[in-house]
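# Architecture at a glance
Okay, here's what each chain looks like letter by letter:
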Amino acid sequence: MRHAAIIGGGIGGLAAAIALGNDGWQVTVHERDAALPATGTALGMWPAALRALDTLTAGHAVRETGSPQRSGEVRRPDGSRIATIRTPPGDPIHLISRPTLLTILHRAAATADLRFADPVHHPESLDADLIVAADGVFSRTREQLFGPAYRARYSGGTAWRGTVDAMETSTFVEVWGRGVKFGVTPQEGGRTNWFASAGAPAGSFHPGAEVSTLRRMFGGWAAPVQPVLQAVTEAGVLRHDVYVTPPLPSYVSGRVVLIGDAAHAMTPDLGLGACEALIDAVALATALRESPTIASGLAAYDRRRRPATRRLARAAAAAGRLSRVRHALPVRDGLLRASMLAA
């Protein structure tokens, strides 16, 4: 039986464990954390990701648990509408929290040997036919294989996120101001998920004062922003600078293959990072199943996924730059409406 070792037990790693396990691989997952995360905000599962989840036998659970959304709006701070966001025909977007999604994937990966608190210091130390690096944006594996030039880079943007209990929201709204934006979405369990972003120097955090920073930046904005800001507590704010992966010459090096953020971390402006990790996992298993050798399967995966994810990364970066425009806002709004019509 062929053996696959997976570095990282997040969304991409667990998805790969399911996909390969379903094809008869013996799978070992090495996760550096001691357990699955207990907290986390909502992720949007777009139709292509839902199809990948169906392949992983997890689609039904995600649809049953998540909050379906067929449309949303982009607004100005005064509440006026800039554009409407619509999903393609078929499945709506399903919003689901990261911990809930990971729990569903963990349950579906029951045949894998999942080892928590088990970091991998170098991929070549693993005795396996295939090594899947799913160790995230700050992937040690990527840097070891391709060198420090491919270390994650700061995107120029910082992000805040969190959830508010007992404040149920039914629709997805993103509000664009002058170089900053604030979003509100539903989350399972009757909670409201929120996120905000702005351009800022790397590491310019305000420990103990992030709520006051948010209220200063977004104060006076119309609902749904203002009610969320009034309900947010300091303990409920997560902040992180956004890092991205430089374009790689390949997602494959020998018997090691990179998936998810390890391969193509992008800014969150399209909301597709988690979706692409799921799609990677299914594409990898498909390529290996359809190819006569592991090497040819990995080459096929690289041909299929690297161009597609690089296009998405460029589109996400362009959307991020658009959201940070501070002048000529009517022009920005027109470009945003045009992009929504073209999507």
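Position labels on residues start from 1 in each chain and follow its written sequence. Only residues with pLDDT of 70 or above have their local features reported here, since the model is predicted, and side-chain atom pairs are shown and tallied only from 80 upward, although totals for entire chains, interfaces and linings are computed over all residues. Remark: hydrogens and water are excluded; side-chain values derive from all non-hydrogen atoms of the structure.

Let us now look at the sheet that holds strand 15 (residues 252-253). A pair of strands is labelled paired if DSSP reports no fewer than 2 bridges between them. Under the scheme used here, helices are H or I runs from DSSP no shorter than 4 residues and strands are E runs no shorter than 2 residues, and both carry numbers assigned from the N terminus. Sheet architecture is open: six strands sit in the order 8-2-1-9-16-15, paired in mixed fashion. Since the sheet does not close on itself, it has two edges, and those belong to strand 8 (113-115) and strand 15, each with one partner. Where strand 2 (residues 26-30) meets strand 8, three bridges bridge the pair, whose relative direction is parallel. In the sheet register, H30 faces strand 8, and the bridge partner there is R115.

On to the environment of V175, then. Along the polypeptide, V175 turns up in strand 11 (residues 172-176). Pairs of residues are marked as contacts when any of their non-hydrogen atoms sit within 4.5 Å. Ignoring any residue separated from it by four or fewer positions in sequence, one finds V175 in contact with R75, R76, P77, V180, K181, F182, W221 and V225.

Axis definition: a line fitted to C-alpha atoms, over the contacting stretch in the case of helices. Angles run 0 to 180 degrees between N-to-C directions. Close contact between helix 1 (residues 11-22) and helix 4 (residues 98-108) brings their axes to 9 Å; oriented N to C, the two are set at 20 degrees. In terms of orientation, helix 1 and helix 4 fall into the roughly parallel class. In this structure, the crossing between helix 1 and helix 4 has a hand that is left-handed. Between helix 1 and helix 4, the contacting residues are I11, L14 and I18 on the first element and R98, L101, L102, L105, H106 and A108 on the second. Polar here means any residue other than Ala, Val, Leu, Ile, Met, Phe, Trp, Tyr, Cys and Pro, which are nonpolar, and Asp, Glu, Lys and Arg, which are charged; Gly is therefore polar. Among the residues making up the contact of helix 1 with helix 4, the classes are represented as seven nonpolar, one polar and one charged. Relative orientations are named as follows: roughly parallel for angles under 35 degrees, roughly antiparallel for angles over 145 degrees, roughly perpendicular for angles from 65 to 115 degrees, and oblique for any other angle. Working rule for handedness: look at the near helix, and if it is turned counterclockwise from the far one by less than a right angle, call the crossing left-handed; if clockwise, right-handed.

Quick look at the pattern of salt bridges now. A pair is scored as a salt bridge if a Lys or Arg side-chain nitrogen falls within 4 Å of a carboxyl oxygen belonging to Asp or Glu. Under the defined criterion, the tally for this structure stands at 17 salt bridges. A salt bridge links D269 to K181; the shortest N-O distance between them is 2.9 Å. Taken as a pair, D269 in the loop between helix 8 (261-264) and helix 9 (273-290) and K181 in strand 12 (residues 180-187) lie far apart in primary sequence, 88 residues in all. A relative accessible area of 18% places D269 in the buried class. Under the scheme applied here, a residue whose accessible area is under 20% of the maximum for its type counts as buried, over 50% as exposed, and between as partly exposed, the area being computed with a 1.4 Å probe on protein chains only. You can call K181 buried: its relative accessible area is 5%. D302 is the partner of R306 in a salt bridge, and the nearest nitrogen-oxygen pair spans 2.9 Å.

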